[in-house]
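# Summary of the model geometry
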Amino acid sequence: MDRPRVPMTAPVLRLSGITKRFGPLTANDAISFELAQGEVLALLGENGAGKTTLMNILFGHYVADEGTVEAFGKQLPPGDPRAALTAGIGMVHQHFTLAENLSVLDNIALGTQPLLSPRFDREKARRRIAEITSEFGLAVNPSALVSALAVGERQRVEIVKALYRDAKVLILDEPTAVLTPAESRALFETLRKLTAGGLSVIFISHKLHEVMAGSDRVIVLHGGKVAGERRTADTDVHELAKLMVGREVLPPAVEPVPRGAVLMQLDGVSTAGPGVRLDGVSLRLHGGEIVGIAGVSGNGQATLAALVAGMAAPSSGSLSINGRPEAGWSPRAALAAGIGRIPEDRHSTGTIGDMTIAENVALEAYRSPRFSKSGFLNGRAMRGFAEQVIGDYEVKCPGPDARIRLLSGGNMQKLILGRALDGDPAIILANQPTRGLDVGAVAYVQERLLAARARGAAVLLISEDLDEVLALADRIAVMYRGRLSEPFSRGEKTTAEIGAMMAGAGSDGAAHAA
Amino acid sequence: MRLEPVVSPSALASILYPAGAILVTVVIASLLVLVAGASPFTVFGLVLKGAAGSQFALMETLTRATPLIFTGLAVAVAFRARLWNIGAEAQLYAGAIITVVLGTGALPLPAVVLLPLMIAAAILAGAMLLAGPAVLKIRFGVDEVVTTLLINFIMVLFVSMLLEGVLKDPMGLGWPQSQKLIADARLPRIVTGRRLHYGFVLAILSAVVVWIVMKKTTLGFEMRAVGHNPEAARFAGIPVNRVLMKTALFSGGLAALAGFSEVAGLKGNLTLDLSPGYGYSGIVVAMLALLNPLGVVVSAIFVAGIFVGADAMSRAAGVPSYIADVMVALALLTMVVAIMLTRYRVRWR
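Structural notes, computed from the coordinates. (Residues numbered from 1 in each chain as written. Chains lettered and ligands numbered in written order. Predicted model: local features only at pLDDT ≥ 70, side-chain atom pairs only at ≥ 80, totals over all residues. Heavy atoms only, no water.)

### Topic: the nonpolar core
General note: in soluble globular proteins, nonpolar side chains tend to be found buried as a group. If you look at the biggest cluster of nonpolar residues, it comprises 157 residues, and the most contacted ones within it are Leu-415 of chain A together with Phe-260 and Leu-270 of chain B. Non-local contacts of Leu-270 of chain B, meaning those with residues more than four positions away in its chain, are made with Tyr-93, Ala-96, Ile-97, Val-100, Val-159, Leu-163, Gln-177 and Ser-178 of chain B. Membership of the second largest hydrophobic core comes to 47 residues, among which are Val-160, Phe-203, Val-220 and Met-244 of chain A. (Core = buried A, V, L, I, M, F, W, Y, C linked by side-chain atoms within 4.5 Å. Buried < 20%, exposed > 50% of the residue type's maximum accessible area, 1.4 Å probe, protein only. Contact = heavy atoms within 4.5 Å.)

Listed below in structure tokens is the structure:
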């Protein structure tokens, strides 16, 4: 891909013609780009566009079929993870790689020297960390235990850790996925300081607004290829979205629907763990509405979803369906109560990878007379239902007898949708229903949820993607440390206000933390 | 060297690699035979002849395969639901004890009534023996690998105690062995004068039943779901713990049938050497069969053939019959590698 060279200095990183194939799939197709010193380069693309594969090649975890990686003018040997590190490339992963039971200092030094060695000079390490943190304004306390840190702080520790190893190039993978809007802004300020100090940064994202806010230059990946390259100042969100998706994207059309009766009600529900505990959560779900739950990842949304799905039971408070309190709450009870459930994790919770598509779509109803009689399965009925779902939801797959593991995330999600929405459930739990899907599949899933709302179903939409919640939900509540805010109508609060609530403003939890 | 997952394994690979596994097994075993100072061709010829070279040899192989089919099925059923039953040996002895208790004259009934009763009792005994570890696993998270394995040792000592005590044959000249079963408690031979007995037919029937259960019933569906992904199974409303319990009862019962069939079909009484590790070999049999119930029959006959053939070979060629253990172990190892290679691609550097 030809493009004008960045004139100022020689590139610190140059990828030339990187191609990587997995069987019939070409994950990276002749990707070339350069990173100039002192710039923030955003690598924008949907899930499956090839960002992760590219980074794995850069770090020597995969070997490219074709192409080379050069750092500071020298070619990196393929397949050697240490080469990238010694060349001064540092990575901050989406899921942090910190040892919770060690101090910040030990975590930062971990891997550079043996921690238990008497020659490990902690004071020297501490001075070094102090230098780094004061130079770049990264506030971390070296003595604190990592387990006591908030997510934003942990991310700063990861960055300091990379700088401690003399990283000159910093790569951040989806750095804002776990941050509040305010924390994200602070991160971008940090990145500015780093580049002002001579470092170069690549950050990987699929969120357009962040790319606009935090980068100098954008490389857009689509289908494993470079779909375009723009200076951030010369482009806008619409153009980037078009490049990323390959076509024009329209927001979902939300028609007004009359609100129906209360179908599900939570009254002061607390749970007893495991995971983040719910603390006195109350919520009413009406027919014909979508209630969105916003919040930073890990504030109890997973527990709330588990509760509604029947995977967790209230330890106090009550859960009522159609005004009737439910006792003996279980996944089967939830199914019997007519709740269609879309789980957060397609692979670990939603499907059984080594079973067939037919078996997976019948998984929640295999005992019904429709699919089995006196203990014997009706294979034909299961396959018939699978074929119906495959047809209705336009699932791309070899057939109902294929193992579901072979399908892409989007097709898997369509099958889960077909299973969950079969029989028009009155209540629908959609937990991160569009995470990891390409934009076409996202639109499809959102349309189905809106269609369910239009026929009078109550939809509980839990999403870490605030844009999605704002686009779909009639009412929104914010989850923070296991507590749920009063729901408010869409448009009642600004994004900034919601962001502040996600960070704990106006909740008792914040008072405790302060 | 690193491994990369293969998106969809090709059909050719899934035939080629297992075939290669058998080839590698034979090559390595040949080297050992050479070390022992014999010609591999002669030795493998003798093994083949000893395992399947005559009607007698074939029947011996099938006789030896019978308990392996039962224990192999027991392991296949349990492992399919990811219940790691390492205790088929103990469950086998539980079945054998019940067979002796009921079959030595305590119940003077005709064979048509007595045999089904003994079968039911043996199944119950094996099921109960695995129920304990299953309850411990479900209630307290105790690792069933440890409990089922340790029960094997307890059981062997328990049998020893019985054979020196209450079950000791007063006419046995002091040997630790039980009384002989009464005639109505014996499984008939399939061919007069040969050792092959109707236990083999029972084993084949069991394999078919297990196949039907796993493939066609809601119970089998639940067991597979729980085994492949317990989290997703629970989410879908499958009562995971209850399924594990049923699996334990099913698996224990199958293993106990091995004990019943060996005592009632072959030995006629209970001794301490009833099983030369059939319970453990059942794990190998089940793994080689990739936990497929019908495959268990094939792999049990394969493993039994190697053992029977190696016995005959060692008498003729003077190579120790331990080569059979080596071959079975090699076959398992190479097969595991072969299965992995169909799913992953090896990248050098």
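### As for the packing of aromatic side chains
The full count for this structure, using the stated rule, is 5 aromatic pairs over all chains. Considering the side-chain rings of Tyr-366 of chain A and Phe-221 of chain B, the 5.1 Å spacing of their centres and the 40° angle between planes classify their relative orientation as tilted. Of this pair, Tyr-366 of chain A sits in the loop between helix H12 (357-361) and strand E17 (372-373) while Phe-221 of chain B sits in helix H8 (residues 218-228), placing the two residues on different chains. The pair formed by Tyr-366 of chain A and Phe-221 of chain B is uniform in burial state, with each residue classed as buried. Measuring from ring centre to ring centre gives 5.6 Å for Phe-371 of chain A and Phe-385 of chain A, while their planes differ by 40°; the resulting arrangement is tilted. Of the two residues, Phe-371 of chain A is situated in the loop between H12 and E17 and Phe-385 of chain A in helix H13 (residues 379-392); the sequence distance between them amounts to 14 residues. Take Phe-371 of chain A and Phe-385 of chain A: they sit in the same class, and that class is buried. (Phe/Tyr/Trp six-rings, centres within 6.5 Å; stacked < 30°, edge-to-face > 60°. Helix = DSSP H or I, 4+ residues; strand = E, 2+ residues; numbered from the N terminus.)

### Here we look at the interface of chain A and chain B
Taken together, the contact between chain A and chain B spans 36 residues of the former and 27 residues of the latter. Interface area for chain A against chain B, summed over the two sides, is near 2900 Å², with a carbon-plus-sulfur share of 58%. For chain A, the biggest contributors to the area lost against chain B are Met-311, Tyr-366 and Leu-377 of chain A; these three give 19% of the whole. Linking chain A with chain B are 2 salt bridges, by the criterion used here. For Glu-359 of chain A, the salt bridge identified is with Arg-224 of chain B, shortest N-O distance 2.6 Å. In this structure, the connection of chain A to chain B is made through 11 residue pairs in polar contact (both at pLDDT 80 or more). Residue assignment for the side of chain A that touches chain B shows that the elements contributing at least two residues are strand E1 (13-22), helix H10 (331-336), helix H11 (346-350) and strand E18 (376-377) of chain A. Looking at side-chain class alone, the side of chain A that touches chain B contains 17 nonpolar, 10 polar and 9 charged residues. (Buried area = accessible area lost by both parts, 1.4 Å probe. Salt bridge = Lys/Arg side-chain N within 4 Å of Asp/Glu carboxyl O. Polar contact = N/O pair within 3.5 Å; in protein donor to acceptor, adjacent residues only side chain to side chain. Nonpolar A, V, L, I, M, F, W, Y, C, P; charged D, E, K, R; others polar.)

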